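# Observations on the three-dimensional arrangement
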Amino acid sequence: MKKLISLAVITTVLVCLCAPVFAAPKTDVYIGITSVGDKHLPAIGLPQFVADAQSESAAQLVRETLRADLLFARYFDINEDGPAFNASKLSQTMTGWARARASYLLVGSISYSEPYYTIKIYVYDLSTRTAVFSKAFKGTKTSLRRLAHIASDQITAALTGKRGIADTKIAFANNATKHKEIYMVDYDGENLQKLTNDKSIALLPRWSKDGRIYYTTYKYRNPDIFAIDLKAGKIAPVIIRGGLSLIGGVSPDGKALVFTSSGGANPSIYIYNLETHKKQRITNKASVDGSPSYSPDGKYITFVSNRAGNPQIYVMELATGQTRALTKNFNWSDSPQWSPTGEWIVFSGREAPYHPMDIFLVDLTGTQIRRLTTDAGSNEDPTWSPDGRFIAFTTTRNGSRQLYLMDMDGSAPHVLADLPGDSFTPHWSF
């Protein structure tokens with residue numbers, strides 16, 4: 001049966017409140033992500049890293065991780081067809097890579113002194129023959145991939161002035177244990193970590209900018225909101241035993257949650273102040289309202305409501321309560337998420353009964369609606385990368401519900417993490 005957040009989940013949860021809880025492509029639009037291999041992309045020359053005898057495998061891991069990160073970023077091509085790096089013959093090395101049509105030269109060295117690896121990375125602009133990036137990183141074996149991600153993001157920022165996303169993570173729910181638990185994975189599908197052991201139903205993880213993850217769980221046999229403090233390694237209740245509490249999102253300043261609650265006659269949207277612990281109801285219609293998320297500036301929310309019939313996407317200005325519909329003709333709409341740039345809202349929906357769910361974009365006027373997936377299973381739970389260039393989502397196109405990634409124009413869809421069980425409600429870290 002199709003899982004629809006939040007109106008279908010709200011319906012299921014309301015039933016569960018009265019019963020025990022048992023632990024149990026193709027695209028129509030091109031927006032403009034540059035493809036790898038584009039002839040106009042500047043090429044980074046990437047020779048093998050220099051390593052001592054104890055660091056050869058570590059050097060290969062760091063280099064390959066950097067290579068994959070920089071290719072994924074779509075700002076550069078990678079050129080590996082050039083001379084080996086020789087620090088004593090740097091000028092000749094740069095000349096060789098310039099002849100190989102590289103714009104930059106990225107070189108690295110790794111050494112080991114128990115228990116730490118020291119990684120030194122340099123990037124040279126071959127047109128000026130000057131170093132534009134020079135950093136040293138130090139860490140244990142288990143931190144090598146993360147250090148490579150951090151270095152990749154810093155190189156991207158140094159060469160383009162834009163932030164990288166290599167050191168970001170995606171939280172999601174998965175039922176491989178026969179329960180729904182919260183997991184976390186690196187943006188590239190590596191370093192999977194199980195974060196909860198509620199042995200119940202845990203779903204809807206939502207990141208805050210300080211690195212906490214808020215989520216809804218049936219741990220106490222009621223849909224409550226808990227917080228995972230990754231730095232402290234602790235999980236604590238936030239809103240408990242107040243009826244239905246489905247987390248929607250965290251405000252950009254980290255001071256409030258927007259969520260769906262059954263406090264009134266119908267499920268409505270509330271804001272919970274994390275400092276004062278007070279709730280404020282912000283929708284009060286004879287309808288089911290849910291799946292809220294904040295705009296990047298925190299002044300608006302987007303949400304789903306069936307107030308006009310079928311569930312549609314709405315936007316509300318928080319200061320005035322002024323609300324307007326962005327969609328009108330969908331048979332079902334769900335899970336809207338505001339883009340980090342503020343220009344688009346991504347959501348899952350279907351245009352006719354019995355059709356599978358697909359991923360769409362709508363602009364803030366509601367006049368532009370763009371389909372990103374079609375004829376490829378049921379596609380739901382979209383979430384933006386923090387730079388607004390990619391979208392993670394869940395899909396059944398290969399049978400089980402898998403985590404997928406695509407460019408924001410719907411192109412280049414691919415498996416993010418091929419995991420046992422089904423995965424749900426991903427959310428990308430900031």
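Here goes a summary of the coordinates provided.

Summing up its helical and strand segments, the protein has four helices and 30 strands in all. Radius of gyration (C-alpha) of the protein: 23 Å, near the 22 Å computed for a compact globule of 430 residues. Over its C-alpha atoms, taken along the principal directions, the protein stretches across nearly 75 × 45 × 40 Å. Considering the protein as a whole, with its 430 residues, one finds that 53% of them fall into the buried category. Working note: accessible area of the protein is about 18,800 Å², and carbon and sulfur atoms make up 49% of it. Separation of charge centres in the protein, based on 47 positive and 39 negative side chains, amounts to 4 Å.

Looking now at the pattern of salt bridges. Scanning the entire structure with this criterion turns up 15 salt bridges. Of the charged contacts in the structure, one is a salt bridge between K169 and D186, with a shortest N-O distance of 2.5 Å. Of the two residues, K169 sits in strand 7 (residues 169-174) while D186 sits in strand 8 (residues 181-186), which places them 17 residues apart along the sequence. By relative accessible area, K169 is classed as buried at 16%. The exposure class of D186 is buried, given its relative accessible area of 5%. The shortest N-O distance in the salt bridge between R401 and E380 comes to 3.1 Å.

Let's shift gears to the packing of aromatic side chains. A complete count under the given rule lists 15 aromatic pairs for this structure. Summarising the aromatic geometry, the rings of F72 and Y187 are spaced 5.2 Å apart at their centres and angled 70° between planes, so their arrangement reads as edge-to-face. Within this pair, whereas F72 is found in helix 2 (residues 56-72), its partner Y187 is found in the loop between strand 8 and strand 9 (193-194), the two being separated by 115 residues in sequence. F72 sits in the buried class, given a relative accessible area of 15%. Using a relative accessible area of 3% as the deciding quantity, one classes Y187 as buried. Aromatic side chains Y215 and F226 sit 6.3 Å apart centroid to centroid with 50° between the ring planes, which places their arrangement in the tilted category. Of this pair, Y215 sits in strand 11 (residues 213-217) while F226 sits in strand 12 (residues 224-229), and the two are 11 residues apart along the sequence. An aromatic cluster is built from F72, Y187 and F390, whose rings are joined through pairwise contacts. One Lys or Arg, K180, reaches over the ring of F424 and ends 4.7 Å from the middle of that ring.

What follows covers the pairing of strand 14 (residues 245-250). Across the six residues that make up strand 14, a large majority, six, are buried. For strand 14 and strand 15 (residues 256-261), the ladder comprises five bridges, and the chain directions are antiparallel. If you follow G249 over to strand 15, its bridge partner there is V258.

For the rest of this paragraph, the subject is helix 3 (residues 90-99). Among the residues making up helix 3, those that are buried are T93, M94, G96 and W97. Looking straight down helix 3, one finds that the buried residues subtend no more than 160° of arc, so they occupy a single side. Turned more than 90 degrees away from the buried face of helix 3 sit Q92 and R99, all of them exposed. Buried residues belonging to helix 3 abut strand 1 (43-45), strand 3 (77-79), strand 4 (104-113) and strand 5 (116-125). Phi for R101, located one or two positions after helix 3, is positive at around 70°.

Reading the values: rules and limits
Residues numbered from 1 in each chain as written. Predicted model: local features only at pLDDT ≥ 70, side-chain atom pairs only at ≥ 80, totals over all residues. Heavy atoms only, no water. Helix = DSSP H or I, 4+ residues; strand = E, 2+ residues; numbered from the N terminus. Rg over C-alpha atoms; globule rule 2.2 N^0.38 Å. Buried < 20%, exposed > 50% of the residue type's maximum accessible area, 1.4 Å probe, protein only. Areas by Shrake-Rupley, 256 points an atom, 1.4 Å probe, with all protein chains shown as cover. Lys, Arg positive; Asp, Glu negative; His and termini not counted. Charge placed at Lys NZ, Arg CZ, Asp CG, Glu CD. Salt bridge = Lys/Arg side-chain N within 4 Å of Asp/Glu carboxyl O. Phe/Tyr/Trp six-rings, centres within 6.5 Å; stacked < 30°, edge-to-face > 60°. Lys NZ or Arg CZ within 6 Å of the ring centre and 35° of its normal. Pairing = 2+ DSSP bridges. Arc of directions from axis to C-beta. Contact = heavy atoms within 4.5 Å.

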